[in-house]
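A look at the structure
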Amino acid sequence: MKLNFYILYMFLILGIGKRENNTNAEITYNLAMSNKEITKSDTPKILKDVTFTLKCKPWESLFTFDKQKIDKYNANMRYVIKSGGKTTRYKNIKTKEKYYVMEGLLDKPALVNKNNKQDWIITKETKLISGYKVYKAYLTSKSRFNTKPSIKIIAWFTSEIPLPFGPVGYDGLPGLILQLEKNDFIFTASNIKLINSNSDINLEAPKGIKMTEKEAKNIFRKKTGVDFDKKMKQRALKKKKNE
C-alpha cells in the first residue's frame, strides 16, 4: 500500500513538472464557519459577502481579501480577521520570497518574511470539488506557547491544476489547493478561472518595506508598548489554566 501511494505521489509531482509552465489561474474562495456552537448547525455556514482571490502563475502567487464586497462594520469581518484571511500574502518561488503584508506598522506597508516550511502528509483519500478530483493532505501546527496537541490543518488539492499554491499562505503541495480547513474555518474555491498566457493575469508583488517577523514585532512593541510574544504566551497559559 505504501509503495502504490509513493508511485501516485511521484506521478502527481512529475505531472506538474510537465505542465506547470503553461498554467495560470485566478481563483475565488468563499469562507464557511464550521463551529457548531456558533452556527447551531451540523453543516458549515458560508459567510455572506466574504470572498478572497488567489492569483497564480507557475512560480508566483498573490492571495487577497475582496474587501470591496463587504462593509468594514459587517459582523462577519471579525471572522475574516480570525481566519487570517484579511492579510495579503505573496510568494515567489524563483526569488524564494514569501511574505505577508502588515498595514499601519510604518508609513509604508511592511512586507514580513514568512517562508516557513510546511511538512504536508498526503493521504489516499479523495473527493470532488467543482468537478476536480482532489487529494487530502494535512499538517500539524503547534504554538510555541502552548503544550496542547497540535492544530490539524487539512488541504484538498488537485493535480489537474498544476500550481503549488493555496489560500491563506498554505502551499507546497503538488497541485492547487481547492479547499482548506483550519480551526473553525473552511476556505473553498467557488470560481476557478484558468488562463494560458502570463500576460492575461494581473499579478503584481506588493510594494513596501521588507523585514523579518522579529523586526516587525520589535517595531510593533516600540509603537504600542505591547510585547506580542509575551501577550500570546499569557493568553495560552490562561486558556490552559481554565481547561
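First, a word on what this report is: a plain description of the structure on this page. Note that the structure is a prediction, hence the values are computed from the model and not measured.

1. Comments concerning the overall build of the chain
Of regular secondary structure, the chain possesses five helices and 12 strands. Looking at the chain as shown, the accessible area adds up to about 14700 Å², and 51% of this sits on carbon and sulfur atoms.

2. Things to note about unusual backbone geometry
Residue aspartate 49 is not a glycine yet carries a positive backbone phi of 65°. Here aspartate 49 lies in strand S2 (residues 45–57). Despite not being glycine, lysine 96 has its phi angle at roughly 60°, a positive value. Note that lysine 96 resides in the loop between strand S4 (89–92) and strand S5 (97–102).

3. A word on helix H4 (residues 213–224)
Its 12 residues give H4 an end-to-end C-alpha distance of 16 Å, which sits within 8% of 16 Å, the value for a rise of 1.5 Å per residue. After H4 finishes, the residue glycine 225 shows a positive phi value of roughly 80°.

4. So, the packing of aromatic side chains
What the rule picks out here adds up to eight aromatic pairs. Judged by centre distance (6.5 Å) and plane angle (75°), the rings of phenylalanine 63 and phenylalanine 187 are edge-to-face. Remark: phenylalanine 187 occurs in strand S11 (residues 185–195) and phenylalanine 63 occurs in strand S3 (residues 60–65); sequence separation between them is 124 residues. For the pair phenylalanine 63 and phenylalanine 187, one class covers both residues: buried. Arranged with centres 6.5 Å apart and planes meeting at 50°, the rings of tyrosine 79 and phenylalanine 185 form a pair that is tilted. A residue pair is termed long-range when its members are at least 10 positions apart, and tyrosine 79 in helix H3 (residues 77–83) and phenylalanine 185 in strand S11 qualify at 106 residues. The class of tyrosine 79 is buried, set by a relative accessible area of 13%. Residue class for phenylalanine 185 comes out buried when judged on its relative accessible area of 3%. Positioned over the ring face of tryptophan 59 is lysine 94, at 4.0 Å from the centre of the ring. The ring of tryptophan 156 carries lysine 127 above its face, with NZ or CZ at 4.3 Å from the centroid.

5. Structural notes on the pairing of S11
Strand direction decides the pairing type here: strand S1 (residues 24–33) and S11, joined by 10 bridges, are antiparallel. Across the sheet, residue isoleucine 27 finds its bridge partner in S11, namely isoleucine 192. Pairing geometry for strand S10 (residues 176–182) and S11, over four bridges, is antiparallel. Across the sheet, lysine 182 pairs through a bridge with phenylalanine 185, a residue of S11.

6. Quick word on the pairing of S5
Pairing analysis gives four bridges linking S4 to S5, with the strands arranged antiparallel. Within S5, the position partnered with tyrosine 90 by the bridge is tyrosine 99. Bridge analysis of S5 against strand S6 (residues 110–113) gives four bridges, and the strand direction is antiparallel. When the bridges of S6 are listed, methionine 102 appears paired with alanine 110.

7. Considering the environment of valine 168
Tracing the backbone shows valine 168 in the loop between strand S9 (151–158) and S10. Residues valine 168 and leucine 54, 114 residues apart in the sequence, show an inter-C-alpha distance of 9.2 Å. Beyond its immediate chain neighbours, meaning those up to four positions away, valine 168 contacts Phe63, Ser83, Gly84, Gly85, Arg89, Leu180 and Phe187.

8. Digging into the sheet that holds S2
Spatially, S7-S8-S9-S10-S11-S1-S2-S3-S4-S5-S6-S12 is the arrangement adopted by the 12 strands of the open sheet, whose pairing is mixed. Of all the strands in the sheet, just strand S7 (121–129) and strand S12 (209–211) have a single pairing partner and so form its edges. Adjacent strand axes in the sheet meet at a mean angle of 25° when their direction is disregarded. One ladder, built from three bridges, connects S6 with S12; its direction is parallel. Looking at the pairing, valine 112 lines up with methionine 211 of S12. Taken strand by strand, H4 contacts S5, S6 and S12, and its axis lies near 110° from that of S12.

Conventions and cut-offs
Residues numbered from 1 in each chain as written. Predicted model: local features only at pLDDT ≥ 70, side-chain atom pairs only at ≥ 80, totals over all residues. Heavy atoms only, no water. Helix = DSSP H or I, 4+ residues; strand = E, 2+ residues; numbered from the N terminus. Areas by Shrake-Rupley, 256 points an atom, 1.4 Å probe, with all protein chains shown as cover. Expected span 1.5 Å × (residues − 1). Phe/Tyr/Trp six-rings, centres within 6.5 Å; stacked < 30°, edge-to-face > 60°. Buried < 20%, exposed > 50% of the residue type's maximum accessible area, 1.4 Å probe, protein only. Lys NZ or Arg CZ within 6 Å of the ring centre and 35° of its normal. Pairing = 2+ DSSP bridges. Contact = heavy atoms within 4.5 Å. Axes fitted to C-alpha atoms, helices over the stretch in contact; angles between N-to-C directions.

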